[in-house]
Amino acid sequence: QVQLVESGGGLVQPGGSLRLSCAVSGLSLDYYSIGWFRQAPGKQREGVSCISSSDGSTNYADSVKGRLTISRDNAKNAVYLQMNSLKPEDTAVYYCAADRSAYCYSPNIYSDYWGQGTQVTVSS
């Protein structure tokens, strides 16, 4: 069975850093591109970053460029989101999702599988 499990969320001050992890089982990162999404109360879910299965190329939403970095470890079947210079508007539930595709051309990928989410709160 396919399972994606996010971890690493929590409370952080503005300007602080956080590292999210997505543990993947039941599929290979060699064949599935992975995206990170977030959803705040009253707002639609939005894609923030993705990484391609074929070559590890990445894409980011304009709002997070220069602050968030996506990476992967194919041997461990894990994907990470390093979050720096965090802002209150980054507060949301963050989800990882998998797309059986060689490339992701934007962070808002079509997703076949979703994790349960992890809460990130940026507040002083």
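None of the values given here were measured: they were computed from a predicted structure.

Criteria and cut-off values
Residues numbered from 1 in each chain as written. Predicted model: local features only at pLDDT ≥ 70, side-chain atom pairs only at ≥ 80, totals over all residues. Heavy atoms only, no water. Helix = DSSP H or I, 4+ residues; strand = E, 2+ residues; numbered from the N terminus. Rg over C-alpha atoms; globule rule 2.2 N^0.38 Å. Buried < 20%, exposed > 50% of the residue type's maximum accessible area, 1.4 Å probe, protein only. Areas by Shrake-Rupley, 256 points an atom, 1.4 Å probe, with all protein chains shown as cover. Lys, Arg positive; Asp, Glu negative; His and termini not counted. Charge placed at Lys NZ, Arg CZ, Asp CG, Glu CD. Disulfide = S-S within 2.5 Å. Phe/Tyr/Trp six-rings, centres within 6.5 Å; stacked < 30°, edge-to-face > 60°. Lys NZ or Arg CZ within 6 Å of the ring centre and 35° of its normal. Core = buried A, V, L, I, M, F, W, Y, C linked by side-chain atoms within 4.5 Å. Salt bridge = Lys/Arg side-chain N within 4 Å of Asp/Glu carboxyl O.

What the chain contains, in helices and strands, is zero helices and eleven strands. Helices and strands in the chain line up, N terminus first, as β-β-β-β-β-β-β-β-β-β-β. The C-alpha atoms of the chain give a radius of gyration of 13 Å, which matches the 14 Å a tight globule of 124 residues would have. Expressed along its principal axes, the backbone C-alpha trace of the chain runs to roughly 40 × 30 × 25 Å. With 124 residues in all, the chain has 45% of them scored as buried. About 6300 Å² of surface is accessible on the chain, with carbon and sulfur atoms providing 45% of the total. Once the 10 positive and 10 negative side-chain charges of the chain are each reduced to a mean point, those two points are 4 Å apart.

Turning to the state of the cysteines, a few remarks are in order. With the rule as written, the count across this model stands at two disulfides. The disulfide that involves Cys22 links it to Cys96, with 2.1 Å between the sulfurs. Judged by the sign of its S-S torsion, about 70°, the bond between Cys22 and Cys96 is right-handed. Placement of the pair is Cys22 in strand β3 (residues 18–25) and Cys96 in strand β9 (residues 92–99), with a sequence separation of 74 residues. The class for Cys22 is buried, based on a relative accessible area of 0%. For Cys96, a relative accessible area of 0% translates into the label buried. At a sulfur-sulfur separation of 2.2 Å, the disulfide partner of Cys50 is Cys104. Judged by the sign of its S-S torsion, about 100°, the cystine formed by Cys50 and Cys104 is right-handed.

The final tally for this structure, using the stated rule, is four aromatic pairs. Here Tyr32 and Tyr113 contribute two aromatic rings whose centre-to-centre distance is 6.3 Å and whose plane-to-plane angle is 55°, an arrangement assigned as tilted. One end of the pair, Tyr32, is in the loop between β3 and β4 (33–39); the other, Tyr113, is in strand β10 (residues 113–114), with 81 residues separating them in the sequence. Of the residues examined, Tyr32 reaches a relative accessible area of 12% and is grouped as buried. Among the aromatic residues, ring-to-ring pairing joins Phe37, Tyr95 and Trp114 into one connected group. Its guanidinium or amino end placed over the ring of Tyr80, Arg19 lies 4.0 Å from that ring's centre, counting from NZ or CZ. Over the face of the ring belonging to Tyr95 we find Arg45, whose NZ or CZ atom lies 4.3 Å from the ring centre.

With that settled, the discussion passes to the nonpolar core. Grouped together as the largest cluster of nonpolar side chains are 29 residues, with contacts concentrated most on Leu20, Trp36, Val79, Leu81, Met83 and Tyr94. Breaking this core down by element, the ones donating at least two residues are β3, β4, β5 (46–51), β7 (68–73), β8 (78–83), β9 and β11 (118–122). Residues Cys50, Ala97, Cys104 and Ile109 belong to the second largest nonpolar core, which totals five residues.

A complete count under the given rule lists four salt bridges for this structure. Here Arg38 ties to Asp90 by a salt bridge, and the two come within 2.9 Å at their closest N and O atoms. Of the two residues, Arg38 sits in strand β4 while Asp90 sits in the loop between β8 and β9, which places them 52 residues apart along the sequence. For the pair Arg38 and Asp90, a shared accessibility class is recorded, and that class is buried. Residue Arg67 is joined to Asp90 by a salt bridge in which the shortest nitrogen-to-oxygen separation is 2.7 Å. Taken as a pair, Arg67 in the loop between β6 (58–60) and β7 and Asp90 in the loop between β8 and β9 lie far apart in primary sequence, 23 residues in all.

No statement about biological role is implied by the geometric values presented.
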